[in-house]
Amino acid sequence: MYRVKQRFVSTLAVAALVSLGACSATSNGNMSADWSTVTGQEWQLVNVTEGNSTLSPTPPVTATATFSDDGMVSGNAGCNQYSGGYTQSGSSLGIAQLAMTRKMCIAEEAMQIENALSGAFVLVDSWDVTDGHLVLRDVDGKAVIEFAPGTP
């Protein structure tokens, strides 16, 4: 009886661990850890974190990012165009200092988004794709920038 009970408890424990592993694997919604799913398409900014605030652009303000296969990122920061280099390996991502045009932004929101995005890019340490969105995270794993796939 003792061996049957012990075997049952062991089997139950293994089943529980497998279930927990499956939950953690699916709970983050990570659709792909393949960087090639990120490159070559335009991503639309959903939100960006600035300090304790989260900003989301509202039309007509938009911000974008396109990561190319050759290690360059470019897009619109809300008002001005930007470009620069990046390095990616596995889930690690580093974005170099970006060059940006300097035209005056008439819409105050565009300037806020632009400043927040510029500041958040330098904090990026890793990336993942969660629920179809490209999420860029800081060294602590906190999401600092979230992009959705752009319209084709």
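All figures in this text were calculated on a predicted structure; none of them were measured in a lab.

This part takes up the pairing of strand S7 (residues 92-95). Where burial is concerned, the two faces of S7 differ: the one with Leu93 and Ile95 is buried and the one with Ser92 and Gly94 is not. As defined by bridge partners, strand S6 (residues 81-89) adjoins S7 across four bridges and the pair is classed as antiparallel. Opposite Thr87, over in S7, you have Gly94 as the bridge partner. Counted along the chain from S6 to the antiparallel partner S7, the turn is two residues long, and its residue Gly90 has a positive phi close to 60°.

Trans peptide bonds make up the majority, and among non-glycine residues the majority have a negative phi. The peptide bond linking Pro59 to Pro60 adopts the cis configuration, its omega dihedral lying at 15°. Examined against the element boundaries, Pro60 turns out to sit in the loop between strand S3 (53-55) and strand S4 (64-67).

Attention now goes to the state of the cysteines. Here the structure, examined in full by the defined rule, presents one disulfide. Here Cys79 connects covalently by a disulfide to Cys105, the sulfurs 2.3 Å from one another. The disulfide joining Cys79 to Cys105 has a torsion of about -115° about its S-S bond and is therefore left-handed. With Cys79 in the loop between strand S5 (72-76) and S6 and Cys105 in the loop between strand S8 (99-100) and helix H2 (108-121), this pair connects stretches of sequence that are 26 residues apart.

Further remarks concern the side chain of Thr130. Assignment of secondary structure puts Thr130 in strand S9 (residues 126-130). Relative accessible area serves as the criterion here: at 16%, Thr130 is assigned to the buried category. Reaching out from Thr130, the side chain makes a polar contact with the side chain of Asp128 at a distance of 2.5 Å.

In this structure the tally under the stated criterion is five aromatic pairs. Taking the centre distance of 5.3 Å and the plane angle of 75° together, the rings of Trp35 and Phe67 count as edge-to-face. Here Phe67 lies in strand S4 and Trp35 lies in the loop between strand S1 (30-32) and strand S2 (42-50), a separation of 32 residues in the sequence. Across this residue pair, the class does not change: Trp35 and Phe67 are buried. With a centroid separation of 5.5 Å and an interplanar angle of 55°, the aromatic rings of Trp35 and Tyr86 are classed as tilted. One end of the pair, Trp35, is in the loop between S1 and S2; the other, Tyr86, is in strand S6, and 51 residues separate them in sequence. The same class applies to Trp35 as to Tyr86, namely buried.

Further remarks concern the side chain of Asn76. Residue position: Asn76 is located in strand S5. What makes Asn76 buried here is its relative accessible area of 16%. A polar contact of 2.6 Å, which involves the side chain of Asn76, links it to the backbone nitrogen of Gly78.

With 78% of its residues at a pLDDT of at least 70, the protein chain reaches an overall mean of 83. Contacts of residues 4-32 to residues separated by more than four positions or lying in other chains number 13 contacts, the stretch itself having pLDDT below 50.

The subject of this paragraph is H2. Given a rise of 1.5 Å per residue, 14 residues ought to cover 20 Å, and the 20 Å separating the end C-alpha atoms of H2 matches this to within 8%. Within the span of H2, buried status applies to Ala110, Ile113, Glu114, Ala116, Leu117, Ala120 and Phe121.

Reading the values: rules and limits
Positions within a chain are numbered from 1, following the residues in the order the chain's sequence is written. Reporting of local features is limited, given that this is a predicted model, to residues whose pLDDT is at least 70; pairs of side-chain atoms are given and counted only at 80 or more, and all residues count toward the totals for whole chains, interfaces and linings. Side-chain numbers come from the whole structure's heavy atoms, not from hydrogens or water. With a 1.4 Å probe rolled over the protein chains alone, any residue whose accessible area is under 20% of its type maximum counts as buried; one over 50% counts as exposed, and the rest are partly exposed. Secondary structure elements follow DSSP: runs of H or I no shorter than four residues count as helices, runs of E no shorter than two count as strands, and numbering proceeds from the N terminus. At least two DSSP bridges between two strands are needed for those strands to be called paired. The disulfide definition used here is simple: a pair of cysteine sulfur atoms within 2.5 Å. Polar contacts, as used here, are pairs of N or O atoms within 3.5 Å; protein pairs need one atom able to donate a hydrogen and one able to accept it. Residues neighboring in sequence count only if both atoms are side-chain atoms. For Phe, Tyr and Trp, rings pair up if their centres lie within 6.5 Å, where Trp contributes its six-membered ring, and each pair is then called stacked (planes under 30 degrees apart), edge-to-face (over 60) or tilted (otherwise). Think of pLDDT as the predictor's per-residue confidence, scored from 0 to 100. We call two residues in contact when some of their heavy atoms are within 4.5 Å. By this rule, a helix spans an expected 1.5 Å times one less than how many residues it contains.

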